[in-house]
Amino acid sequence: MDERMNERVNERVDEQADEVRWGEGDVGLDTDVTASLRAGMARGVLSFPLTAFHDDGSLDLDGFRAHLAGQLAAGPGALFPACGTGEFFSLDEDEYRQVVTVAVQETAGRVPVVAGVGYGWAQAVRFARIAEEAGADALLVLPHYLVSAPQEGLVGQLEQLAARTRLPLVAYQRGQVAFGTEAFRRITRIPGVIGLKDGHSDLDRLRRLTLAAPEDFLFFNGAATAEIQARAYAAVGVPAYSSAVHAFAPEIAVAFFTALREDDALVEKLLRDFYVPLVELRDRTPGYAVSLVKAAARLRGRPAGPVRAPLTDPSASDLAELRTLLASGLDLVGATL
């Protein structure tokens, strides 16, 4: 870790030295972060930045800084480093520390930084402590590893993590994690749990959760290529969403977000001519939800590098199709490749 990183970590630790932990009677930080995230969700999409690697697979911090600068310049509502799009599952703890620290440094308080944590709760706690030291504002709790679990266990996972970190938690239901209404009511009462990211797109179930939630609880659409379902999610009370497209074409993501808020005809054109073909290309190969995003960033000359195994980079034919699609999408919003 370079000297600038160490200084930032030490400053953040000093700032937090006198703060109490969650569950000990002080929820001021929770309230502040919740308000900041709510305001960010209202004004822009949520950015899930890529983690840049060199061609040999090693971490490229300079490339990551450059990527973050482009993300932040587009005005996202919040920054979520080291999550799914950022290949959290491929990072060791030291790399994770560097990624989150750089994200905090580059953001410099402009928007909340919500770092990903995951695996079982014991390992998630290790990442949570690293994120605390690095200066993150909150944590996104990614689905646990491998096994299916009953509702009681899903609640227990969050209880164990929340009891061991001072940072607010946003739960993420996707894959093997899907909260029933009663379990969800319980997690909303866990001190420090402030929101839910939904990746299931089961709008009937999601509506039941929004009706069961406290008034200040946060929800956002975390479906793959969330723009496709943005209107449907908004109809059940969840207008905020994350955008993988923002990671390689913030011009398109911002134009779509603005058009959606203004009920502009551009929404339908972008869905028909860009987003739907992108999803069709994405669905051809497992892992393309990340691989295509990185490939598109490279097509634009951005320092993203390759994906790490078990993901694979797109085939030559898929890459050529992606280039054509990306150029077309950028043209729709008055930008160029």
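Below, the structure is looked at part by part.

## Some remarks on the layout of surface pockets
(1) Moving on: What the largest pocket holds in volume is close to 940 Å³.
(2) Moving on: Listed by contribution, the elements that provide at least two residues to the lining of the largest pocket are β8 (242-243), α11 (266-282) and α12 (288-299).
(3) Moving on: For the lining of the largest pocket, the leading source of residues is α12, giving five residues.
(4) Moving on: Split into classes, the residues belonging to the lining of the largest pocket amount to 24 nonpolar, eleven polar and three charged.
(5) Moving on: Computed from the structure, the second largest pocket encloses a volume of approximately 220 Å³.
(6) Moving on: The wall of the second largest pocket is formed by 13 residues, among which R38, F219, G237, P239 and A240 lie closest to the centre.
(7) Moving on: When residues in the lining of the second largest pocket are grouped by element, the largest group, three residues, is from helix α2 (residues 28-43).
(8) Moving on: For the lining of the second largest pocket, the per-class residue count stands at eight nonpolar, two polar and three charged.

## A word on empty space enclosed by the protein
(1) Moving on: Per the stated rule, a full pass over the model turns up one cavity of 30 Å³ or more.
(2) Moving on: Of the voids in this model, the largest cavity is the one considered here, and its volume is about 90 Å³.
(3) Moving on: Taken together, V141, L142, P143, H144, L154, Q157, L158, A171, Y172, V177 and F179 make up the full set of residues lining the largest cavity.
(4) Moving on: Going through the elements one at a time, α6 (151-162) and β5 (169-173) are the ones with two or more residues in the lining of the largest cavity.
(5) Moving on: When residues in the lining of the largest cavity are grouped by element, the largest group, three residues, is from α6.

## Brief notes about the pairing of strand β3 (residues 114-117)
(1) Moving on: Burial along β3 is two-sided: V114 and G116 facing one way and A115 and V117 facing the other are all buried.
(2) Moving on: Bridging between β3 and strand β4 (residues 138-141) involves four bridges; their strand directions are parallel. In the sheet register, V114 faces β4, and the bridge partner there is A138.
(3) Moving on: On the question of chirality, the crossover connecting β3 to the parallel β4 by way of helix α5 (residues 121-134) is right-handed.

What counts as what
- Residues numbered from 1 in each chain as written.
- Predicted model: local features only at pLDDT ≥ 70, side-chain atom pairs only at ≥ 80, totals over all residues.
- Heavy atoms only, no water.
- 1 Å grid on protein atoms, 1.4 Å probe; cavity = no way out; pocket = protein on both sides within 12 Å on 5 of 7 lines; lining within 4 Å.
- Points joined across faces, edges and corners; volume = space filled by probe spheres on them.
- Helix = DSSP H or I, 4+ residues; strand = E, 2+ residues; numbered from the N terminus.
- Nonpolar A, V, L, I, M, F, W, Y, C, P; charged D, E, K, R; others polar.
- Buried < 20%, exposed > 50% of the residue type's maximum accessible area, 1.4 Å probe, protein only.
- Pairing = 2+ DSSP bridges.
- Right-handed = clockwise from strand over helix to strand, strands pointing away.

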